[in-house]
Amino acid sequence: MSSLKGKKAIITGGSRGLGKAVAVALAAEGVHVGITGQNEENLQTAVSELRGYDVKASYAVFNVANEEEVKSGIKKLAEALGGVDILINNAGVGQFGKVMEMPSADFEKVFAINLFGVYYVAKALYPYLKASGQGDVVNVASTAGLKAGGGMSAYAASKAAVISLSQSMMAEWRKDDIRVITLTPSTIATDMSIQLKLTDGNPEKVLQSEDFAQWVLDILKMNRRALIANGSIFSTNP
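Residues numbered from 1 in each chain as written. Predicted model: local features only at pLDDT ≥ 70, side-chain atom pairs only at ≥ 80, totals over all residues. Heavy atoms only, no water.

Right, let's talk about the packing of helix H4 (residues 104–131) against helix H5 (residues 153–173) for a bit. Where H4 meets H5, the closest approach of the two axes is 8 Å, and the angle between their N-to-C directions is 15°. By the angle class used here, H4 and H5 are roughly parallel. Handedness of the crossing formed by H4 with H5: right-handed. Contact residues: H4 offers Phe 107, Val 110, Phe 111, Asn 114, Leu 115, Val 118, Tyr 119, Ala 122 and Tyr 126, while H5 offers Ser 153, Ala 154, Tyr 155, Ala 157, Ser 158, Lys 159, Ala 161, Val 162, Leu 165, Met 169 and Trp 173. Here the residues of the contact of H4 with H5 sort into 16 nonpolar, three polar and one charged. (Axes fitted to C-alpha atoms, helices over the stretch in contact; angles between N-to-C directions. Helix = DSSP H or I, 4+ residues; strand = E, 2+ residues; numbered from the N terminus. Parallel < 35°, antiparallel > 145°, perpendicular 65-115°, else oblique. Left-handed = near helix turned anticlockwise from the far one by under 90°. Contact = heavy atoms within 4.5 Å. Nonpolar A, V, L, I, M, F, W, Y, C, P; charged D, E, K, R; others polar.)

Here it is in structure tokens:
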């Protein structure tokens, strides 16, 4: 297993939920962390907590669906951290509805955030990862992208597109010693999933954010000769 201490990571959607759990887990390993989001108050609170681990922590406020905002925000974070070694492409939106009932504007919004957000951020960060000599990109998709169901057309299709995009990134970037990892978690107890009534969040039975964060850490710590291209995680007996 490799040490992560001293590395620099950017986590999109890093002020709450899965993103914050991963940010905290990385900071606890000695990783300097930059987080993104759209709620500045939440970002400030999260950064204050991260700095408690005696690491550099910064934030940038931007919408991942806006490419110009992404470029500016990523540049700000990369400069504050002194480079980037790890990207956790976590920001996303869970918006559901039937094909004939969901407004087209909502469908497009889901793709703008879940797919184009991943694309814009990864594209903006690639030069920094390449400059570091090696890097890791973790693109967070969903089991919904592997098998869709009724009422989730926009979400599932966007996550399926993330899986495909991520596989192309992996094929193109591995020659630069950049590992691109596609993760497809099942339902995890976050504020969003509980509010949408996808789960009751029972910590005795349902995946928690810290489980996902531990999974990410274990993958990143693998010897660099090894690459987990795709992985899924489920609750054992929900």
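Okay, the packing of aromatic side chains next. Tallied over the entire structure, the rule returns six aromatic pairs. A ring pair is formed by Phe 107 and Phe 111, whose centres lie 5.6 Å apart and whose planes are at 10°; its orientation type is stacked. In this pair, Phe 107 and Phe 111 are both assigned in helix H4, four residues apart and thus about one turn of the helix distant. The class of Phe 107 is partly exposed, set by a relative accessible area of 30%. With 5.9 Å between their ring centres and 45° between their planes, Phe 116 and Tyr 120 make a pair best called tilted. A residue pair is termed a helical-turn pair when its members lie 3 or 4 positions apart in one helix, as Phe 116 and Tyr 120 do in helix H4 at four residues. Through a chain of ring-to-ring contacts, the aromatic side chains of Phe 116, Tyr 119 and Tyr 120 assemble into a single cluster. Positioned above the aromatic ring of Tyr 59, the side-chain terminus of Lys 76 is 5.4 Å from the ring centre. (Phe/Tyr/Trp six-rings, centres within 6.5 Å; stacked < 30°, edge-to-face > 60°. Buried < 20%, exposed > 50% of the residue type's maximum accessible area, 1.4 Å probe, protein only. Lys NZ or Arg CZ within 6 Å of the ring centre and 35° of its normal.)

To continue, consider the pairing of strand E5 (residues 135–140). For E5, a buried count of six out of six residues is recorded, marking the element as mostly surrounded by other parts of the structure. Residues Gly 135, Val 137 and Asn 139 point to one face of E5 and Asp 136, Val 138 and Val 140 to the other, with burial holding for every one of them. At this point the chain moves from strand E4 (residues 86–89), through H4, to the parallel E5, and the crossover so formed is right-handed. Across six bridges, the pairing between E5 and strand E6 (residues 178–185) is parallel. Its bridge partner lying in E6, Gly 135 is registered against Ile 178. (Right-handed = clockwise from strand over helix to strand, strands pointing away. Pairing = 2+ DSSP bridges.)

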